[in-house]
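Chain residues, written in single-letter form:
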Amino acid sequence: MNAPAIVPSPVFTGASLRGLDFANRLSVAPMTRISASSAGVPGERMERYYQRFARGGFSLVTTEGIYTDKAYAQTYSGQPGLTDREQADAWRRVVDAVHTAGGSIFAQLMHGGALSQGNPYRSDTVGPSAVRPKGSQMTGYRGEGSYAVPREISEAEIAEAIDGFAGAARLAIEVAGFDGIEIHGANGYLLDQFFTDYTNHRQDRWGGGIVARFGLSLEVLKAVRAAVGPSVPLGLRLSQGKVNDFRHKWAEGEQGAARVFEALADSPADFAHVTEFEAWQPGFEGGEIPLVSLARRHAPRLFLIANGSLHDLARAEQVIGAGADMIALGRGALVNPDWPRLMAARSKLRPFELSMLAPISDIKDSELAL
């Protein structure tokens with residue numbers, strides 16, 4: 001008797017984003033790996049690390065968060081930057097390695113704000129308001145103890161931070177050759193600090209209701225679009241949880257989420273990257289709709305990338321059905337850089353082990369050997 005035919009999965013169908021074609025709907029989520037030089041320059045290990053994902057069948061790779069200025073943006077020791085020609089030229093080698101293996105690669109640009117714990121350029125930190133971040137510094141990223149109380153960032157410094165995003169994006173496209181730009185507006189970093197009610201007590205135009213607090217993310221998108229031109233794929237990563245406040249939910253619930261996604265749909269963004277712990281779960285207590293479905297409903301023109309415990313093929317397919325255009329894998333891709341090839345063949349996945357990220361979350365020889 002013949003074996004039953006394998007039904008093609010929707011994750012292996014093609015997709016397109018602003019003229020960039022993907023062979024499948026599988027991408028690698030941004031993951032902090034702190035393996036650059038002390039000057040923020042990517043090296044040969046990072047070339048090999050990122051190339052593996054494209055070689056393993058992922059259509060899109062998004063980098064770890066890249067710092068955008070030599071003032072307050074850098075968050076972690078060993079984090080790569082895009083602030084000068086040396087850094088950009090080194091990223092070009094990473095981009096070329098991914099392209100050679102058949103993949104596309106987006107640069108994720110970020111500013112740490114109050115969560116900075118390893119910035120060689122400044123000894124203090126800034127945030128929307130002088131509120132000490134919850135939790136403790138991340139030991140896996142060489143941090144120790146409580147976060148510092150940030151100084152309230154000034155209007156002039158906000159303008160400089162916006163310019164930093166725009167300048168880094170220009171280097172990413174014109175020098176490094178990235179295929180697109182993702183702005184990191186999630187996980188508790190500076191843009192998310194402005195967006196979050198309890199970290200933003202400002203009485204100026206950057207504070208107030210949820211759309212006003214979202215204003216800095218929108219201004220960054222405008223500045224980056226002006227810097228890179230109309231044809232470059234541009235998007236924003238959004239989350240509820242944070243690296244220092246895992247269970248946080250937007251206080252305004254589904255109504256607030258609707259206003260945020262509507263504002264994003266009216267922005268220069270082409271895509272939204274929505275991350276939750278489990279992307280298929282309801283976005284809010286008492287609700288029934290996942291955050292990605294709310295994004296689809298209220299921002300129908302946007303290309304949607306969903307992230308959150310989707311290394312199980314059935315869950316990935318479920319979230320595609322809920323409105324996502326593409327799935328982003330984090331820890332599932334770390335241990336299975338060939339996840340697309342394994343799943344296409346319905347092969348067994350390697351189990352994730354926390355030792356991969358211990359004691360420091362840098363790139364390990366064991367990973368490069370996979």
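This structure is a prediction, so every number in the text was calculated from the model and none was measured. (Residues numbered from 1 in each chain as written. Predicted model: local features only at pLDDT ≥ 70, side-chain atom pairs only at ≥ 80, totals over all residues. Heavy atoms only, no water.)

**Remarks on the side chain of Glu-276**
Then, number 1: Residue placement: Glu-276 occurs in the loop between strand E10 (271–275) and helix H8 (291–298).
Then, number 2: A distance of 3.2 Å separates the side chain of Glu-276 from the side chain of Gln-240, its partner in a polar contact.
Then, number 3: Setting aside residues up to four positions removed in sequence, Glu-276 forms contacts with Gln-240, Lys-249, Gly-283, Leu-291, Asn-307 and Gly-308. (Helix = DSSP H or I, 4+ residues; strand = E, 2+ residues; numbered from the N terminus. Polar contact = N/O pair within 3.5 Å; in protein donor to acceptor, adjacent residues only side chain to side chain. Contact = heavy atoms within 4.5 Å.)

**Some words on unusual backbone geometry**
Then, number 1: In this structure, the amide linkage connecting Ala-358 to the following residue, Pro-359, adopts the cis form with an omega of -10 degrees.
Then, number 2: Within the fold, Pro-359 resides in the loop between helix H11 (339–344) and helix H12 (365–368).
Then, number 3: Non-glycine residue Ile-34 carries a positive phi angle of around 35 degrees.
Then, number 4: By secondary structure assignment, the location of Ile-34 is in the loop between strand E3 (26–28) and helix H1 (44–55).
Then, number 5: Even without being glycine, Asn-187 reaches a positive phi, approximately 65 degrees.
Then, number 6: Here Asn-187 lies in the loop between strand E8 (180–184) and helix H4 (190–195).
Then, number 7: Taking relative accessible area as the criterion, Asn-187 reaches 14% and is therefore assigned buried. (Buried < 20%, exposed > 50% of the residue type's maximum accessible area, 1.4 Å probe, protein only.)

**What to know about the environment of Glu-47**
Then, number 1: Secondary-structure assignment places Glu-47 in helix H1.
Then, number 2: Between the C-alpha atoms of Glu-47 and Ser-217, which are 170 residues apart in sequence, the distance is 30 Å.
Then, number 3: Here Glu-47 is in contact with Arg-93, Val-94 and Ala-97, once residues within four sequence places are set aside.

**A short note on the environment of Ile-66**
Then, number 1: The topology assignment puts Ile-66 in strand E4 (residues 60–67).
Then, number 2: Judged by its relative accessible area of 0%, Ile-66 falls in the buried class.

**Looking at the packing of aromatic side chains**
Then, number 1: Tallying each qualifying case throughout the model produces 15 aromatic pairs.
Then, number 2: With centroids separated by 4.9 Å and ring planes inclined at 75 degrees, the aromatic side chains of Tyr-49 and Tyr-50 adopt a geometry described as edge-to-face.
Then, number 3: Taken together, a centroid distance of 6.2 Å and an interplanar angle of 50 degrees make the contact between Tyr-50 and Trp-91 tilted. Of the two residues, Tyr-50 sits in helix H1 while Trp-91 sits in helix H2 (residues 85–100), which places them 41 residues apart along the sequence.
Then, number 4: Residue Trp-91 is classed as buried on the basis of its relative accessible area of 0%.
Then, number 5: In this structure, Arg-122 is placed above the aromatic ring of Tyr-72, and the distance from its NZ or CZ to the ring centre is 5.3 Å. (Phe/Tyr/Trp six-rings, centres within 6.5 Å; stacked < 30°, edge-to-face > 60°. Lys NZ or Arg CZ within 6 Å of the ring centre and 35° of its normal.)

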